[in-house]
Structure formats: C-alpha cells, structure tokens
Amino acid sequence: MDKRHFLKFAGAGLALSPALSVAANASSSADASGTASMPSLSSLKPLTENAKPINLAERKARIENAQSLMKAQGIAAILIEPGAAMDYFSGIQWWRSERLTALIIPQKGDIAVVTPFFEKPSVLESLKVGDDVRVWQEHESPFDVVADILKSRGVTSGKLGVENSVRYFVVNGVSNAMPSLDIVPAEPITRGCRMYKTAAELTLMHKANEVTLAAYDVVFKHLKLGMTQAEVKALMHKAQQQLGGSNTWCLALFNDASAYPHGTNAKQVIQQGSVVLLDSGCSVHGYQSDISRTLVFGKPSQKVTDVWNTVREGQNVAFDAAKVGTAAGKVDDAVRAYYVTQGYDKDYALPGLSHRTGHGIGMEGHESVNFVRGETAPLKKGMCFSNEPGLYIPGEFGVRLEDCLYMTDKGPRYFTEPPASLEEPLGRLVPLAS
C-alpha cells in the first residue's frame, strides 16, 4: 500500500493509534477537470451521541463558586454580556446587539437576567438555571432594570464586576443608573471559575478532540494532487460535522503559505512535495478542540524533515516543562531555550517561533492563561492548554504541531498524543485520566 496505512474506526469508543504517511498518487489525484472532487462521507457515524451536556447541578456549583470568589474579592455583583461566560453560568446562548441582554450574579441571592420584552421567550429556551428574567420595552432603559435587580439583591453601592469585553455603552449606562457603584474587572471571578475544568468539562473537550482527530484521518485519506485550500477546508468541515462536531473551523495552508501561522490570501494547491499544514477544531456541547498537523504530500526534503522533528521535540520540551506550580510562562521559556540550541532566535524573530507556545482553551478556542513569556500564573489541576511550538521559515514553509493538554495533580496529560513522525503524522487519542 506504499505507506498508506489508515485507521479503521470501529465505533465511538475506539482509541486512535498512529496512522499514515501521505504518499502522492498522481494517477488518481484529480478528476478530468483537474479539480479534486468532494468524496462522500455518508458512511461516517457521529462519535458524540453519548456526550452529555453540563447539568443543572454543575451550573449551580459554578454560581456558588463565583459567589464565594466575589465574597473573597469584595465584589458585590458581576454583570455578564452574552458570550462564553453567560453560557457557562446560565446556559443562555445569545448574541450581542444594541439591545442589552445581560446576566447578573450577585454575591448573595439568586441570579437574574435582563432582556428585551420580545426576546424573553427565546432567551428562556436556553436558560438552564434561575427563573428571574426581567424585561424592558423599546422606549425604556435596560439600565434602570439592571439597577432594580441589584437593589432587590441588596446592592446599592460597592463594586460591580464586568469583563474587559463588556462594551462601553453598557458600562456607561450602568454607571449613570447607579453612580454609587465602582466598576471593577470581573476576570478574578469569571476566570477564577472557568480556568479550572471539571471532569464533565474535560470529558466534553476529550470528545471534541476525538472528533477532530478522526476527521484528520478522513482528510488524510483523501488528499490529492491539485486540491485547493478551499477543498481541503470543506472536507475537514464536512468530516467533523458528520462525526458529530459543531461550530467547525479549519485553516489549510500549503507550500510557502504554511510559513504564515494564519495563512495568506494567496491561492495554493497541493503539488508533489507540498508541505500541508492544517489547523482545525470543533465544539461538543460548547467545549472546543484545537489540533494542528503538518505533513508532506510525497517525499519530504531533508530540511522539512529536520524542522518537523525539531518542532516535535519542542512539544516534548513544553510538555516536560508544564509542571504543577510552575509559572505558565516558563513553558514558553523552555521551548525557546531549546530552539536556541537548534540555531533559532530566543525571541520572536523569523525564521523561528513567532507566536506563543500555547494558549488556554475550553469553551473558547483561546482563553487565559497562555504559555507565553512573562505569564506568572501557576499551573494547577484543571487548566487546559494547546501545545503548539511551531517553526516558520518565510518564503519556504512552516511546521506546526498542536495538541491540547490538561493539568492533573500529577502533571500534564494530553487529550491527543502528538504524531510519532513525519511518516506517521496523525497521532492518537489518549484516554482521560481517571
């Protein structure tokens, strides 16, 4: 089979093992028009049917944790706009518009929601905890409703926490409605809760990573000469969706475009010897995956092989440096120190590693804390990160390998284990720690 050894999936519970080396097959690479055709993926079955969303008890525990942190920080209440934090605490999946919908969590008492009158039925569809939903009409100020909610919880002065993403008109409106309040950052509360994942959250992230890795296996099987970036991205989207992922996304970077971490507008196609860098993920019940793989279509050059091996060792260095209690920035420092021994710059210059070694991940693809220079937050159980110490050579190619890990009380553990070699570029799913 000329190194084309692909996985066979026996079912949703099957752990993945190292797979293939991509070999070019020019005779079957494209249809008569020279464009790769989209394969049927109808045989793929969802891997997520048994995945359980976050339950009511866990959401109540989150609110209690937030209130405990508020008490410790001396914060009377927090106000949250639509987004991941609102979903995290309440289950409400909404969007931001010029009409305010907000979640209020007081230090004492029940949570409350403020929303436009005509949006209340829709908001209630996703609300998972609490029943105090107060409305405002089009001619009324939503900030008067916010003030009423706070006063009903005994909050007339003190500190009101808002996240740094809360829009100015919201902060200004609340300040005018309740000038006795001191607006302060809510991140010590929201980040203090969301940064440390529970077993239920890790299970959903593990499932999302399983979906994405299984989709990579499908895509690797169908890479052909002449395929465009758009075609590979569409195939990755379709595979993840068929396997049960939602909110799928994909970057497909070929040839010299792979030297730019987030790509360029230049169109690229797969050729003999092309470097193919894919970065992709999905969501399962609101929790994210993020996996990058770099392979070569055909025979790799020695330079590509050497750089790939250096990046792979960089992942090992990062993993080994991620010890409980260590400052997160030390992981980035360790990788850059290793890269210096391989002839690369200790900073962010190119050729080299121009971005952080990794980012936090959970309900959002990028969350605090990061593996980046100067980050002093200590690594603790439940924290989750990407491990992606890429190397980029402008005008030639780039290599990025990315696998996400989570911290246990004994140290880091991967959701997906990095690939063994450029000849076996898939990797495998790792069982969750018990």
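The structure displayed is predicted, hence computed values, not measured ones.

### Focus: the packing of helix H9 (residues 302-321) against helix H10 (residues 329-341)
Inference 1: Taken N-terminus to C-terminus, the directions of H9 and H10 make an angle of 145°; their axes are 8 Å apart at the nearest point. In this structure, H9 meets H10 at a crossing whose hand is right-handed. The residues of H10 that touch H9, namely those facing Thr 310, Val 311, Glu 313, Gly 314, Val 317, Ala 318 and Ala 321, are Lys 330, Val 331, Ala 334, Val 335, Tyr 338 and Tyr 339.
Inference 2: In terms of residue class, the contact of H9 with H10 is made up of 9 nonpolar, 2 polar and 2 charged.

### Here we look at the layout of surface pockets
Inference 1: Here the largest pocket is characterised by a volume of approximately 340 Å³.
Inference 2: Taken together, 18 residues form the lining of the largest pocket, with Glu 163, Glu 187, Thr 190, Arg 194 and Glu 364 sitting closest to its centre.
Inference 3: Listed by contribution, the elements that provide at least two residues to the lining of the largest pocket are helix H2 (84-90), helix H6 (187-194) and strand S12 (367-371).
Inference 4: With 4 residues, the top contributor of residues to the lining of the largest pocket is H6.
Inference 5: Of the residues belonging to the lining of the largest pocket, the class tally is 4 nonpolar, 6 polar and 8 charged.

### Overview of the side chain of Lys 197
Inference 1: Here Lys 197 shows up in the loop between H6 and helix H7 (199-222).
Inference 2: Under the relative-accessibility criterion, Lys 197 is labelled buried at 9%.
Inference 3: Apart from residues no more than four positions distant in its own chain, Lys 197 is found in contact with Leu 202, Met 205, Ile 361, Gly 362, Glu 367, Gly 382 and Cys 384.

### Quick word on the packing of H7 against helix H8 (residues 229-242)
The geometry of a pair of packed helices is captured by two quantities: the angle between their axes and the separation between those axes.
Inference 1: Put simply, H7 and H8 touch, their axes get as near as 9 Å, and they point 135° apart. Considering their axes alone, H7 and H8 lie oblique with respect to each other. Seen from above, H7 lies across H8 with right-handed handedness. Contact residues: H7 offers Val 211, Thr 212, Ala 215, Tyr 216, Val 218, Val 219 and His 222, while H8 offers Val 232, Leu 235, Met 236, Ala 239 and Gln 240.
Inference 2: Here the residues of the contact of H7 with H8 sort into 9 nonpolar, 3 polar and no charged.

### Some details on helix H4 (residues 142-152)
Inference 1: Taken as a whole, H4 has its buried residues at Pro 142, Phe 143, Val 145, Val 146, Ala 147, Ile 149 and Leu 150.
Inference 2: N-capping of H4 is provided by Ser 141, with a side-chain oxygen placed 3.1 Å from the backbone N of Phe 143.
Inference 3: Looking at the residues trailing H4, positive phi occurs at Gly 154, about 85°.

Criteria and thresholds
- Residues numbered from 1 in each chain as written.
- Predicted model: local features only at pLDDT ≥ 70, side-chain atom pairs only at ≥ 80, totals over all residues.
- Heavy atoms only, no water.
- Axes fitted to C-alpha atoms, helices over the stretch in contact; angles between N-to-C directions.
- Helix = DSSP H or I, 4+ residues; strand = E, 2+ residues; numbered from the N terminus.
- Left-handed = near helix turned anticlockwise from the far one by under 90°.
- Contact = heavy atoms within 4.5 Å.
- Nonpolar A, V, L, I, M, F, W, Y, C, P; charged D, E, K, R; others polar.
- 1 Å grid on protein atoms, 1.4 Å probe; cavity = no way out; pocket = protein on both sides within 12 Å on 5 of 7 lines; lining within 4 Å.
- Points joined across faces, edges and corners; volume = space filled by probe spheres on them.
- Buried < 20%, exposed > 50% of the residue type's maximum accessible area, 1.4 Å probe, protein only.
- Parallel < 35°, antiparallel > 145°, perpendicular 65-115°, else oblique.
- Polar contact = N/O pair within 3.5 Å; in protein donor to acceptor, adjacent residues only side chain to side chain.

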